[in-house]
Amino acid sequence: MDNWHIFETQFNNKNNRSLETVYTIGNGYLGTRGTFEEGYPGDQPATLINGFFDDIPIVFTELANTPNWLDLQITANGERLNLKNAVVTDYFRDLNLHNGELTRTLHWEVAAGGHLALEFQRFTSLADEHIVALRCQVKSIDFSGDIEFHSGLSGYADNEGFLHLEWIEQGKIDASSAYLQVETRKTHHTLVEAFSLNLTRGKSSTSEFCDSRMNPFKVEKVHLEPGQEAEIEKIVAIYTSLDASHPKKSAIASLQRAKELGYTALLAQSSAEWQKEWNASNISIQGDDEADRAVRYAIYQLLIAAPRKNEHVSIPAKSLSGFGYKGHVFWDTEVFMLPFFTYTQPKIARRLLMYRYFTLPAARNKANSNNYEGAQFAWESAATGEENTPRWVPLRDGNLVRIWCGDIEHHITSDIAFAIQQYWRVTGDNDFMRNFGAEIILETARFWNSRAEWDEPSNRYHINNVIGPDEYHDRIDNNAYTNNMARWNIQFGLEILEWLKKDSPAKADELEQRLELTPPKLDHWRHVIDHLYLGFDPQTGLYEQFEGFFKRQRVDLATFEPRTESMQAILGIEKTQEFQILKQPDVLMLLYLMNANTSKEILERNFAFYTPVTDSSYGSSLGPPIQAILATRVGDVKTAYDLFRLSAKTDLVDVRGNSGDGIHIATQGGLWQAVIFGFCGLEMTPDGPLVHPKLPPKWKRVQFNILIKGKKYEFDIRPEGKANRNAVLPVQGAIFDLDGVLTDTSELHYRAWKRLADEAGIPFTRADNEFLRGIPRRESLLRILKGRKVSEEKLQEMMERKNQYYVESISLLTKRDLLPGARSLLDSLKTAGIKIGLGSASRNALLVVEKLGIASLFDAIADGASVVHQKPAPDLFLHVAGLLGVSAEYCAVFEDAAAGIEAARAGGMWAIGIGPHERLKNAHWVYPGLNEISVTDLLDRLSGMKKD
């Protein structure tokens, strides 16, 4: 199964609206829903441009729909293609995740006689965000007659009945091109779309341009006989006054450049950019096609929603794929989506945080209007950061319902601060923190300090009248999530101020004065930190979700099954508040974010208490992926996998029935987190990232990349060891070095270093090469340089050059290059039930073992990029042991270098030397070669030995 494709083989009009969402294409600047080019009754065509807002009653502002660039009507002998009435066979629609191209093919039986084969293709360029294109091919099977292509720009684009665009002007550019200029009614943003329509295959019998107001279009007519075909290409350039001072001029110039290239070349440019994105962001899951495909689709959706140039926009809660939530930005971005970008695309993560910096003035205004200090971010934010949450919303029955979120769902303020801290910790972007992030942190801390109310009887600060993430309960006091995150925010404010005083004293002084951070004020911060109500009961180990929650009636959700709607819809808004029923579990969300400060026992108790009362199936789609992560941490992999699958089906299967409103983009971000932080167990440590895998049974291998402070880490994880392994065996995990143990690539390394040294004019002999055995690349180069001074940039370049020479020689390796006895020993270890790992300083280790034909025998593979400290530090071998799920004391390391033997012993492992005894005298046992080893003999020897 090719898990790079989302496809359907039959058209089903019952779920057409949700599939329009699923087949959305985009590039971060804009998103285009997956409606048909020819249209369909009841469809919802939309192209939404990030930041292109217009005012509207009740919800204040929304992303304005733009002219339908997909519009392409096809007639055959006067009959218009319409899938509602046409006789269609061999239907197939495919979204290629490799390059973001959407393709649809079908056979059309024309009523007047004959059959046509049609193929539609479209993409939005990742190479030039202003360019979109489509292509249609029509081939006659046994049809004889006229085919007419009718295509242009339909400016009558509505948002569920509301028209935002007013006509300004339009006109013909040349024989194949025209433009349309419109303006939003209230915000007066200009939009210009310029298109060209060209027949690229077949002979046109007539070509006509029609200058219909608000809908300039062109008609191409061709005559086809059986076996003949025609092809049309439509290229569109889109600009607004938000991104160009002269959008008409920019659109026309961009179109001229693009149409000279044509569809194929434009797609190739875009595909090349997509390859870069996937190289940085892809996750591969082997053994579970459903999971592999779902996670890759989630990453695709995140990538097409992310702005790549504009720092004044963020990612809306429904991305750019539908009208849900009107294009507004929530906490979804910072808590659920941002981690993906922080760890894989930090430049995008920074842009998303800059949006919050540019909306800081509006956050200050909101705090001030509510009589608070600092900055209070809007629950629903749009272009300016002002509050856009409606206070009253009409129901279908005509009644109004009060929406409290904009008034009292305050936790978003600390959510943004937390996202900034996480970004800084992972990227090390001191420039951002110094010039932008610190100010947000301090202003949000000021807000929480003023928001906390002193309660004399309890000798505590309270935060009353709020809504936590669980929106089934509003107007509550002392929400555990809100209070604990507020406390963290204030504490981090103090920490970042101290950091700033050391990093940039002038900036610290400027902020202290401007924000009035006087010693008495900061003392008050500390008092709030020490006395804020947190809701934790040390007797039970439980956090009370909010004050009085434990007194609410507990209910068994199973008694309401089967159901197809939320518990709030069943019980009603007010009635639901009387019960311990959660839209999403606030406490579990808190424990996830504050993971480092939570014991496993507390996590287990709260998970067991809150999971049964959470409306996971029809409550918030944000909850299940986070619950899945916590389920892995309490050891319940089955529950974790069930919640993961529920999340994966949110849009691809539309399990909640509302995907037609747009992609649940936060859920897609949650899926990524569930894999990385849940099943793979990624953890940041002082020595770099480590993983503690708890993979579902079906998962045979997980591969992913992350960036930590500019350094790329590649992980290759296999299933952890079985829990029922025989504990009597002295060795349950065998860890092999690569060079000199399984194969002899020392000659390849020597030639690569020799070539580099010769180019630099540095003497280098085989004797010199012996001293590099088992030594990482950087240290090896420093030894070769022998004190010669080179810049860090030059050092990096030389290491890359050496690696290039080495990789070139690796391509010549085959199975014949395995050292004697290697394959036999690996097979014997497998038969004995001993897990096998590879721990090599070489960053090309995986490539080498694949060339040797033994990659499938390893349960875990780690290279020099997996840890910070290399041999003789034990970190690499300890990391492999963790991947294997085997305690270090039950691991044996097979090494040919003294540094490797020292590392194994430092890690408390058995050290087995392979080579001459004089070089490996500190090993527990030495063999001349792998062909001398019998697994039974080795286990017997070690059983009678003690590690010293």
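In the annotation of an unreviewed UniProt entry, the protein is listed under the name Beta-phosphoglucomutase and assigned to Longilinea arvoryzae. Heading Sequence similarities (unreviewed entry) of the UniProt record for the protein holds this comment: "Belongs to the HAD-like hydrolase superfamily. CbbY/CbbZ/Gph/YieH family."

Q: What should I look at first to understand the sheet that holds strand S13 (residues 145-152) in this one?
A: Note: strands within a sheet are paired through backbone hydrogen bonds, in either parallel or antiparallel orientation. Ordered in space as S8-S7-S13-S20-S19, the five strands form an open sheet in which the pairing is antiparallel. The open sheet has two free edges, formed respectively by strand S8 (79-80) and strand S19 (204-212), since each of these has just one partner strand. As judged from the five bridges shared by strand S7 (residues 72-76) and S13, these two strands associate in the antiparallel manner. Paired with Leu72 across the two strands is Ser151, which belongs to S13.

Q: I keep staring at helix H28 (residues 935-943) and nothing clicks. Help me out?
A: Residues lying three or four places apart along an α-helix face the same way, a consequence of the helix completing one turn every 3.6 residues. Looking only at H28, the buried set comprises Val935, Leu938, Leu939 and Leu942. Around the axis of H28, the buried residues are gathered within 95° of arc, so they sit on the same side. Within H28, the exposed residues directed more than 90 degrees away from the buried face are Thr936 and Asp940. Looking at the buried residues of H28, the elements they touch are helix H24 (822-831), strand S36 (891-895), strand S37 (910-914) and strand S38 (925-927).

Q: Help me understand the confidence of the model for the protein in this model?
A: The predicted model of the protein has a mean per-residue pLDDT of 93, with 98% of residues at 70 or higher. Between residues 721-728, whose pLDDT stays under 50, and residues either more than four places distant or in other chains, the model counts ten contacts.

Q: What is the right way to read the pattern of salt bridges from this model?
A: Close approach of charged atoms lets side chains of opposite charge pair. Under the criterion given, the structure shown has 62 salt bridges. Of the charged contacts in the structure, one is a salt bridge between Arg364 and Glu443, with a shortest N-O distance of 2.5 Å. In this pair, Arg364 is assigned in helix H6 (residues 360-369) and Glu443 in helix H9 (residues 430-451), connecting sequence segments 79 residues apart. By relative accessible area, which is 23% here, Arg364 ends up partly exposed. On the accessibility criterion, Glu443 (2% relative accessible area) is buried.

Q: Can you help me understand the domain arrangement of the protein in this one?
A: Often, the extent of an interface is quoted as the loss of accessible area on bringing the components together. Looking at the protein, the domain boundaries give domain 1 (5-163 + 198-235 + 262-281), domain 2 (289-717) and domain 3 (733-944). Computed from C-alpha atoms alone, the centre-to-centre distance between domain 1 and domain 3 is 54 Å.

Q: Got a minute to help me understand the UniProt feature "domain: Glycoside hydrolase family 65 N-terminal" (unreviewed entry) in the protein in this structure?
A: Cross-referencing UniProt, the feature "domain: Glycoside hydrolase family 65 N-terminal" (unreviewed entry) maps to residues 8-241 in the present numbering. Counted over residues 8-241, helix gives 3% and strand 58%. Its end C-alpha atoms are 38 Å apart.

Q: What's the story with the packing of helix H20 (residues 746-760) against helix H23 (residues 792-810) in this structure? I'm lost.
A: When two helices pack together, their arrangement is given by the angle between their axes and by how far apart the axes lie. The contact between H20 and H23 brings their axes to 9 Å, and the two run at 140°. Classified by the interaxial angle, the pair formed by H20 and H23 is oblique. Regarding H20 and H23, the two cross each other, and that crossing is right-handed. When H20 is examined against H23, the residues Leu748, His749, Ala752, Trp753, Arg755, Leu756, Glu759 and Ala760 are found in contact with a partner set consisting of Met798, Arg801, Lys802, Tyr805, Tyr806, Glu808 and Ser809. Class assignment for the residues of the contact of H20 with H23 results in eight nonpolar, two polar and five charged.

Q: Looking at this structure, I do not really get the pairing of S37. What am I missing?
A: Looking along a regular strand, one sees side chains alternate from face to face of the sheet. Counting buried positions along S37 yields five of five residues, so the element is predominantly enclosed. Here S37 shows a buried face lined by Trp910, Ile912 and Ile914 and a second buried face lined by Ala911 and Gly913. Where S36 and S37 come together, four bridges link them in parallel fashion. The partner of Glu895 across the bridge, within S37, is Gly913. Where the polypeptide runs from S36 across helix H27 (residues 898-906) and back to S37, its parallel neighbour, the crossover connection is right-handed. Direction of pairing for S37 relative to S38: parallel, over a ladder of three bridges. Following the sheet pairing, Gly913 is matched in S38 by Val926.

The rules behind each value
Residues numbered from 1 in each chain as written. Predicted model: local features only at pLDDT ≥ 70, side-chain atom pairs only at ≥ 80, totals over all residues. Heavy atoms only, no water. UniProt positions renumbered as here; feature names shortened; annotations may be inferred. Pairing = 2+ DSSP bridges. Helix = DSSP H or I, 4+ residues; strand = E, 2+ residues; numbered from the N terminus. Buried < 20%, exposed > 50% of the residue type's maximum accessible area, 1.4 Å probe, protein only. Arc of directions from axis to C-beta. Contact = heavy atoms within 4.5 Å. pLDDT = per-residue confidence, 0-100. Salt bridge = Lys/Arg side-chain N within 4 Å of Asp/Glu carboxyl O. Domains from an automatic or database assignment. Axes fitted to C-alpha atoms, helices over the stretch in contact; angles between N-to-C directions. Parallel < 35°, antiparallel > 145°, perpendicular 65-115°, else oblique. Left-handed = near helix turned anticlockwise from the far one by under 90°. Nonpolar A, V, L, I, M, F, W, Y, C, P; charged D, E, K, R; others polar. Right-handed = clockwise from strand over helix to strand, strands pointing away.

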